[in-house]
Amino acid sequence: MVNSEQSARLVALWSAPRCRSTAFFRMMSERGDFTPVHEPFSYLAEFGVSEIDGVPAEDERELLTALRALAGRQPVFFKDTTDERYPGVLADTDFLGRDARHVFLIRHPRQTIASYYAINPEMTCDQVGFEALFELFEAVREQTGQPPLLIDAEDLMSDPEAVISAFCHHVGIDFKAEALAWRPQARDEWQPTERWHRDASASSGFAAPHKSDYVDVDADEVLSGYLAHHLPYYEKLRAQRLQP
């Protein structure tokens, strides 16, 4: 079962890509009581190295060790996306079940596919991320004996105060209403993947920017196939979402 003392010091947000996870990261950064770590496993997969508090990690085992060490010194929040699959995370049962509190974030895959395609038209089916997210969700459930907290981005955008208050209660931290608003800015840790975070850089809170030029996913032969593949995983996850 979850060790509450450990979990309060290491909080992980796992998200399919393009699910408002960077806005969530921005809110946690605004709190000031956690050291925020941005997409350490994604950076490792993309660049071959991920740096935690000045310590370079070149594989998932080293990265998990570095995150635990940092959390031993100060509370840590990290967020990551499942456009990659992380076998080292899935294999570390202590990390899944004891050493971190895991929270999940989803959004309808029709929307995530359109948003992802606007930035990377060469996207693959695996990069949509819901199959890998579901696998990780089930792995955490197996190790903790209970389903982890799961948030739908639609609920987060429509009622951020209620959703974030419930999140804070779940992980055992104080709710800070002032962290729901922030000054628009690009953060240094976003620089390696800056093009993916422009909406978050321009944001000042949990508000969905209007996009009128996205591809029609259902009308695209390839993208509609991606949607059909990932929709069942999304629906299984959404059935277990927080309902504020």
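Only a predicted model underlies this, so the values are computations on that prediction, with no experimental measurement involved.

Asker: Can you help me understand helix α2 (residues 21-31) in this one?
Answerer: Note on helix geometry: an α-helix contains 3.6 residues per turn, so any two residues three or four positions apart are oriented the same way. Here α2 lies mainly inside the structure; ten of its eleven residues are buried. Taken together, the buried positions of α2 are S21, T22, A23, F24, F25, R26, M27, M28, S29 and R31. Positive backbone phi, at 90 degrees, marks G32, one or two positions downstream of α2.

Asker: How should I be thinking about the sheet that holds strand β6 (residues 101-106) in this particular structure?
Answerer: Pairing between the strands of a sheet comes from backbone hydrogen bonds, and it takes one of two forms, parallel or antiparallel. Spatially, the five strands line up as an open sheet ordered β2-β5-β1-β6-β7, and their pairing is parallel. Strands at the two margins of the open sheet, each flanked by one partner only, are β2 (35-38) and β7 (149-152). Taking the axes of each pair of neighbouring strands and ignoring which way they run, one obtains an average angle of 20 degrees across the sheet. Across four bridges, β2 lies against strand β5 (residues 76-81) in parallel orientation. Directly across from H38, in β5, lies its bridge partner K79.

Asker: What am I meant to see in the side chain of S21 here?
Answerer: Mapping S21 onto the fold places it in helix α2. If we ignore the near neighbours within four places in the chain, the residues touching S21 are L13, S15, K79, T81 and L105.

Asker: Explain the nonpolar core here, please?
Answerer: Residues W14, F24, I151 and F167 are the most contacted members of the largest nonpolar core, which totals 72 residues. Among the elements that take part in this core, helix α8 (residues 130-144) stands out by supplying seven residues, more than any other. Discounting residues that sit within four places of it in the chain, F167 has contacts with V11, F24, M28, V103, L149, I151 and I173.

Asker: Explain empty space enclosed by the protein to me, please; I cannot follow it from the model alone.
Answerer: In this structure the tally under the stated criterion is one cavity of 30 Å³ or more. Within this model, the largest cavity holds a volume of roughly 60 Å³. Looking at the lining of the largest cavity, the elements that each hand over two or more residues are α5 (87-91) and α8. No other element matches the three residues that α8 contributes to the lining of the largest cavity. A per-class count over the lining of the largest cavity returns six nonpolar, one polar and three charged.

Asker: Got a minute to help me understand the packing of aromatic side chains in this structure?
Answerer: Each aromatic ring pair is summarised here by two numbers: the centre-to-centre distance and the angle between the ring planes. Applying the stated rule across the entire model yields 14 aromatic pairs. For the ring pair W14 and F78, a centre distance of 5.4 Å and an interplane angle of 90 degrees mean the geometry is edge-to-face. With W14 in strand β1 (residues 10-15) and F78 in strand β5, this residue pair connects regions lying 64 residues apart in the sequence. Pair check on accessibility: W14 and F78 agree, each one buried. An angle of 45 degrees between the planes, with centres 5.7 Å apart, marks the rings of F41 and Y86 as tilted. Of the two residues, F41 sits in helix α3 (residues 40-47) while Y86 sits in the loop between β5 and α5, which places them 45 residues apart along the sequence. For the pair formed by F41 and Y86, the shared burial category is buried.

Thresholds applied
- Residues numbered from 1 in each chain as written.
- Predicted model: local features only at pLDDT ≥ 70, side-chain atom pairs only at ≥ 80, totals over all residues.
- Heavy atoms only, no water.
- Buried < 20%, exposed > 50% of the residue type's maximum accessible area, 1.4 Å probe, protein only.
- Helix = DSSP H or I, 4+ residues; strand = E, 2+ residues; numbered from the N terminus.
- Pairing = 2+ DSSP bridges.
- Axes fitted to C-alpha atoms, helices over the stretch in contact; angles between N-to-C directions.
- Contact = heavy atoms within 4.5 Å.
- Core = buried A, V, L, I, M, F, W, Y, C linked by side-chain atoms within 4.5 Å.
- 1 Å grid on protein atoms, 1.4 Å probe; cavity = no way out; pocket = protein on both sides within 12 Å on 5 of 7 lines; lining within 4 Å.
- Points joined across faces, edges and corners; volume = space filled by probe spheres on them.
- Nonpolar A, V, L, I, M, F, W, Y, C, P; charged D, E, K, R; others polar.
- Phe/Tyr/Trp six-rings, centres within 6.5 Å; stacked < 30°, edge-to-face > 60°.

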